[in-house]
Amino acid sequence: MILDVFIQELTVTIKSGTEEDILKLIYFSDNAFEEFNNLGGGDVFKKMLVIPFIGFKDKDLQVTIREVELSESDRERFLKKLANKVQLECIANLTYQDEYTNISVSAPIGKIGDTYKLVFF
């Protein structure tokens, strides 16, 4: 899959897909799930991942991408947790604005094998 195709799929899914459809576009590390589960939040972990995107449902959202800019400490932390599985590609910026609403969400996009996903770690 190429990045442009993933961006198109992401846009359509967030605008008109279900929460389960959105979850399929998200990669989260086993460590992140385990840490959250240890804190007693395992039941709501996946729900929390899709909450930022729910406000875009049925909206004419704009999706742009920008290069990844990480500090050295953030890069080291990222590499320790995900380097064996994920190649960080860019940041997706999702925005929607009308006269009453202004919604904005950013999330990293990574490549796992040949597949692009939103990445949470």
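Just above, that's the structure.
Reference entry: report on the structure contained in this document. (Residues numbered from 1 in each chain as written. Predicted model: local features only at pLDDT ≥ 70, side-chain atom pairs only at ≥ 80, totals over all residues. Heavy atoms only, no water.)

A separate point is the sheet that holds strand β1 (residues 26–28). Spatially, the five strands line up as an open sheet ordered β1-β5-β4-β3-β2, and their pairing is mixed. One side of each edge strand has no neighbouring strand; the edge strands of this open sheet are β1 and β2 (62–66). Neighbouring strand axes in the sheet, compared pairwise and without regard to direction, differ in orientation by 40 degrees on average. Along the sheet, helix α4 (residues 45–54) contacts β1, β3 (87–97), β4 (102–112) and β5 (115–120); its crossing angle with β1, the most-contacted strand, is approximately 140 degrees. (Pairing = 2+ DSSP bridges. Helix = DSSP H or I, 4+ residues; strand = E, 2+ residues; numbered from the N terminus. Axes fitted to C-alpha atoms, helices over the stretch in contact; angles between N-to-C directions. Contact = heavy atoms within 4.5 Å.)

All right, on to the pairing of β4 then. In this sheet, β4 lies alongside β3 in antiparallel orientation, the contact comprising ten bridges. Bridged to Ala 92 within β4 is Ala 107. Hairpin connection from β3 to β4: four residues lie between these consecutive antiparallel strands. Note that β4 and β5 share four bridges and pair antiparallel. Paired with Lys 111 across the bridge in β5 is Tyr 116. Connecting β4 to the next strand, β5, in antiparallel fashion are two residues, including Gly 113 with a positive phi near 65 degrees.

This next bit is on the pairing of β5. Consecutive residues of a regular strand have side chains that alternate between opposite faces of the sheet. As paired elements, β1 and β5 share three bridges and run parallel to each other. The residue bridging Ile 26 from the neighbouring strand is Leu 118, located in β5.

Moving on to the pattern of salt bridges. Summed over the entire model, instances satisfying the criterion amount to two salt bridges. Residue Asp 60 pairs with Lys 15 through a salt bridge whose shortest N-O separation is 3.8 Å. One end of the pair, Asp 60, is in the loop between α4 and β2; the other, Lys 15, is in helix α1 (residues 3–16), with 45 residues separating them in the sequence. Close ionic contact of Lys 47 with Glu 19 constitutes a salt bridge, the shortest N to O distance being 2.9 Å. In this pair, Lys 47 sits in helix α4 while Glu 19 sits in helix α2 (residues 19–23), placing the two residues 28 residues apart along the sequence. Note on Lys 47: relative accessible area 41%, which makes it partly exposed. (Salt bridge = Lys/Arg side-chain N within 4 Å of Asp/Glu carboxyl O. Buried < 20%, exposed > 50% of the residue type's maximum accessible area, 1.4 Å probe, protein only.)

Geometric descriptors of this kind do not, in isolation, establish any biological role.
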